[in-house]
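Listed below are the residues making up each chain.
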Amino acid sequence: MTKAEKQENQIGNTPAAIPGMKRFSHEAMATTYEIFIVHEDEKYAGQAANAAFSELDRLELELSRFEESSDITRINHLPAKQVLRLGLDAFECLKISYLMYEQTYKTFDVTVGPLFNCWRNKDGSSRTPTQEELDKARQRVGMYLFELDERLHAIWLSESPLQIDLGGVGKGYAVDKMAELLREWSINTALISGGFSSVLALDAPPGTKGWPLTLSNPNNRSQILARPFLHNRALGSSGIKKGGHIIDPRKGRPVEGKIAAWSSAPTAAVADVLSTAFMIMDLDEIEKYCSNHPDNAAMIILDDKDDNNQLTIKRFGLWKQIELNF
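Residues numbered from 1 in each chain as written. Predicted model: local features only at pLDDT ≥ 70, side-chain atom pairs only at ≥ 80, totals over all residues. Heavy atoms only, no water.

### What about the nonpolar core?
The condition that has to hold: Definition of nonpolar core: a set of buried residues of the types Ala, Val, Leu, Ile, Met, Phe, Trp, Tyr and Cys, connected through side-chain atoms within 4.5 Å. Relative accessible area decides the class of each residue, using a 1.4 Å probe on protein chains only: under 20% of the type maximum gives buried, over 50% gives exposed, and in between gives partly exposed. Only DSSP runs of H or I reaching four residues or more are called helices, and only runs of E reaching two or more are called strands; each is numbered from the N terminus.
Formed by 72 residues in total, the largest nonpolar core has its most connected members in Ile 155, Ile 164 and Phe 278. Examining the composition of this core, we find that 10 residues originate from one element, helix H7 (residues 268-280), more than from any other.

Okay, structure coming up:
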């Protein structure tokens, strides 16, 4: 998934009333990351937040295909049938991606870039490709086109060039790593957001049932659909931006029939992946996935309305009980 595919700001937070909370922000990965910390020492909290942001900057250099020296750029220039050893973070992201590719019925695919490019002109505007263009692009799409070597932390391509993009997992992975670093600093009551499309809560603030969040209608930001409280879990969101596409790698076409998807999972990386996959999977596949993975949940807005002209929202897994604000 490329940067343009994520619908930002679908997850909002309203933590201003939490006593003792400090807020810190940083620009990275083409979005704004924020850390909210409850701690008695503001200076110490700021030092911990800065350390987490330094880790974020390091990860961007390792994981972005737009960085010339990154592992992902090196993969995208790697000839077929050559072995390339990777840093731990790039390898772990690819390992997560490969697992989720298999679990999500091959809907989450970090190699989908050639198909995405078919549906875009160079200036970013939409276009309709020919079948010949799609067929050619599909020859370079599919996670089966590379193999990972756990022992060497290496990758091997069966075909090249590939266009690997970790945009659908890297942001969440970075949030998880930032959370690990905060815990090393003994910062346990915190909320980390990556552009409000990837959010991870650590322990709940004292006296609360969790960090207060809002899920908004992407077509009407003033309409709050739900107000979940989050602790020791992550949320991810994805949706269709005007002029943007999320590509179904199985069909080679932009997804249709959904406006937005939210996911909940124990880690931000998995939630990030699932929010994209849930936009592509059909409802039966989503229901089956959540049934087989009870730690995860989904909420989907369909591109239609019911008999009362209300949004059609489907919920799966733990979110079957989430209270909607209608």
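### With respect to helix H8 (residues 283-292)
Stated precisely, the cut-off is as follows: Taking the helix axis as origin, the arc is that swept by the directions to the C-beta atoms. Whether two residues are in contact is decided by their heavy atoms: any pair within 4.5 Å suffices. N or O atoms within 3.5 Å of each other form a polar contact, as long as, within protein, one can give a hydrogen and the other can take it, and as long as residues adjacent in sequence are counted only when both atoms are side-chain atoms.
Considered for burial, the residues of H8 that qualify are Glu 285, Ile 286, Tyr 289 and Cys 290. All buried residues of H8 lie within an arc of 130° about the axis, which places them on one face of the element. Counted as exposed and oriented over 90 degrees from the buried face of H8: Asp 284 and Ser 291. Lining the buried residues of H8 we find helix H3 (88-103), strand S15 (258-265), H7, strand S16 (297-305) and strand S17 (311-317). The N-terminus of H8 is capped by Asp 282, whose side-chain oxygen sits 3.2 Å from the backbone nitrogen of Asp 284.

### Some details on the packing of aromatic side chains
Formally: Each pair of aromatic rings taken from Phe, Tyr and Trp, with Trp reduced to its six-membered ring, is defined by centres within 6.5 Å and is described as stacked if the planes are under 30 degrees apart, edge-to-face if over 60, and tilted in the remaining cases.
According to the stated counting rule, one finds 4 aromatic pairs in the structure shown. Ring centres of Tyr 98 and Tyr 101 lie 6.2 Å apart, and the angle between their planes is 70°; this geometry places the pair in the edge-to-face category. Highlighted residues: Tyr 98 and Tyr 101, both in helix H3, separated by 3 residues, approximately one helical turn. Note on Phe 278 and Tyr 289: the rings are 6.0 Å apart at their centroids and 70° apart in plane angle, and the pair reads as edge-to-face. Taken together, the residues Phe 278 in helix H7 and Tyr 289 in helix H8 connect sequence positions 11 residues apart.

### So, the sheet that holds strand S8 (residues 198-201)
Heads up, the condition is: One bridge is not enough; two strands pair if DSSP finds at least two bridges between them. Simply put, an axis is a line fit to the C-alpha atoms, just over the touching stretch for a helix, and the angle between two N-to-C directions goes from 0 to 180 degrees.
Here 8 strands make up an open sheet; going across it, the order is S2-S3-S7-S8-S12-S15-S16-S17 and the pairing antiparallel. Strands at the two margins of the open sheet, each flanked by one partner only, are strand S2 (21-28) and S17. Neighbouring strand axes in the sheet, compared pairwise and without regard to direction, differ in orientation by 15° on average. On the sheet, helix H1 (residues 42-63) packs against S2 and strand S3 (31-38) and is oriented at approximately 20° with respect to S2. Against the sheet, helix H6 (residues 170-184) contacts S3, strand S7 (190-194) and S8, and its axis sits at roughly 30° relative to S3.

### Some thoughts on the sheet that holds strand S4 (residues 83-85)
Adjacent strands of a sheet pair through backbone hydrogen bonds, lying either parallel or antiparallel. Strand order in this open sheet of 3 strands is S4-S6-S5, and the pairing throughout is antiparallel. A strand with exactly one partner marks an edge of an open sheet, and here the two such strands are S4 and strand S5 (146-149). Neighbour to neighbour, the strand axes of the sheet diverge by 25° on average, direction disregarded. Here 4 bridges tie S5 to strand S6 (residues 154-157), and the two strands are oriented antiparallel to one another. Following the sheet pairing, Phe 146 is matched in S6 by Leu 157. In the packing of H3 onto the sheet, the strands contacted are S5 and S6, and the crossing angle to S5 comes to about 120°.

### Let's talk about unusual backbone geometry
Going from Ser 160 to Pro 161, the amide bond is cis rather than trans, its omega being -5°. With respect to the element layout, Pro 161 can be found in the loop between S6 and H6. Positive phi, normally seen in glycine, also occurs at Tyr 105, with a value near 60°. Assignment of secondary structure puts Tyr 105 in the loop between H3 and helix H4 (113-118). Its identity as a non-glycine residue notwithstanding, Lys 106 has a phi of 65°, on the positive side. For Lys 106, the position within the fold is in the loop between H3 and H4. On the basis of relative accessibility, which here comes to 47%, the residue Lys 106 falls in the partly exposed class.

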